[in-house]
Amino acid sequence: MWCAAFEYQEGSLYRSHLIGPVFNTEITRHALEEQFKQYEISVSFKIRIFNVLPTLPILSTVLMLQYGLMLHYCVTGKKLQRSDIEMQQADLANTRRSLKPEYIPRDRHKVYEGERALLRMVREGDLDYRKVLEKATQLSPGVRVSNGQPVMQALVTGVTFAALCTRAAIEGGLSPDAAYTVGDGYVQSMIQCDNVAEMGSLINTMYADFIERVHKSRQNPAISPLVRRCCDYIELHLEEPLTLAVLAKEMGYTEYYLSRRFKQEMKVNINEYVRFARIERAKTLLEASELSVAEVAARLQFCSGSHFSQVFQQVAGCTPRQWRGKNSANT
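Before going into details, it helps to say that this report is about the structure given with it. (Residues numbered from 1 in each chain as written. Predicted model: local features only at pLDDT ≥ 70, side-chain atom pairs only at ≥ 80, totals over all residues. Heavy atoms only, no water.)

Observations concerning the nonpolar core
Ranked by internal contacts, the top residues of the largest apolar core, which has 34 residues, are Ile234, Leu247, Leu258, Phe262, Val296, Phe308 and Phe312. Every element with two or more residues in this core is listed here: helix H9 (225-236), helix H10 (244-251), helix H11 (255-266), helix H12 (270-288), helix H13 (293-299) and helix H14 (305-316). Among the elements that make up this core, the one with the highest residue count is H12 (eight residues). Aside from chain neighbours lying at most four places away, what touches Phe262 is Val227, Cys230, Cys231, Lys267, Val268, Asn269, Ile270 and Tyr273. Residues Leu118, Ala168, Val182 and Met206 belong to the second largest nonpolar core, which totals 32 residues. (Core = buried A, V, L, I, M, F, W, Y, C linked by side-chain atoms within 4.5 Å. Buried < 20%, exposed > 50% of the residue type's maximum accessible area, 1.4 Å probe, protein only. Helix = DSSP H or I, 4+ residues; strand = E, 2+ residues; numbered from the N terminus. Contact = heavy atoms within 4.5 Å.)

Below, the structure written as structure tokens:
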């Protein structure tokens, strides 16, 4: 994020004062590499970015807006409210195009796929949802409204998303009473928001809240904290090597004890659980991304594309390409 305040002299722009860049959430090298694929960026520039990355601060959107208001007051001597700040999303691919969200063209098919991936995360209580959320929010600025008011557009988007998350949470095992109570509570809070940034932060909080509640509701009380912690670690590190030795070290137990305890409680061994979890993540990647089957296989640590296809068919009952065709064909 950047904040800008503008200084004018005799009716013309004299100086632009900037604060930034900062991130409003932690961003990984992998996430940046995925973004870079969309643009023609030299290797030397990428290296410079990766070297600078650790030095950039992480600030909440609300705090960044407060700094923006102070900057504007220092530059102009005028006090503003947070609702006066205009939020814009830069288009790096074509900076000459209008920055207003309503002029950003949307691929309805990709928007639909992104929505399905978001709701799958809720239904499964998948704690590793941030990458999917980041990609989905880049596909569309939200529901359009005719009056062009950003706050109203954000409110309509938030209420619609709350309804979808509520139903997905119920499908994931959360009780209807709990799901509707949570959804209604967030909708009431959205109505009280007076700016887009606050609304966006609230929507993200709601989404994370639903996922965490579904995740907890799906936990079997018969599963010990150790095994549950092991399962959570697996789900959050599916794109990294996950051997028994790695898991035992992370859990602080011997390989023998962890393996025996896991099999006793989960009824499958650790390797089988990892394989199943990776196939579930592969389904989401095949639906919500444009990665090739080989790229999905490599990302999820399969030794080859053919091995990935074989395992996928054993678990899902069809090949990865068949799954993508079946679950991406509807618009």
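Quick word on the packing of aromatic side chains
As enumerated under the stated definition, the model contains six aromatic pairs in all. Seen from their ring centres, Tyr253 and Tyr257 are 5.3 Å apart, and the 20 degrees between their planes marks the pair as stacked. Under the relative-accessibility criterion, Tyr253 is labelled partly exposed at 40%. (Phe/Tyr/Trp six-rings, centres within 6.5 Å; stacked < 30°, edge-to-face > 60°.)

Brief notes about the packing of helix H6 (residues 150-171) against helix H8 (residues 196-217)
Pairs of packed helices are described in terms of their axes, by the angle between the two and the distance that separates them. One can describe the packing of H6 onto H8 by two numbers: an axis separation of 10 Å at closest approach and a directional angle of 5 degrees. The orientation of H6 relative to H8 falls into the category roughly parallel. Note on element contacts: H8 touches H6 through Val196, Met199, Ile203, Met206, Tyr207, Phe210 and Val214, opposite Pro150, Val151, Ala154, Leu155, Gly158, Phe161, Ala162, Cys165, Thr166 and Ala169. Here the residues of the contact of H6 with H8 are counted per class, giving 15 nonpolar, two polar and no charged. (Axes fitted to C-alpha atoms, helices over the stretch in contact; angles between N-to-C directions. Parallel < 35°, antiparallel > 145°, perpendicular 65-115°, else oblique. Nonpolar A, V, L, I, M, F, W, Y, C, P; charged D, E, K, R; others polar.)

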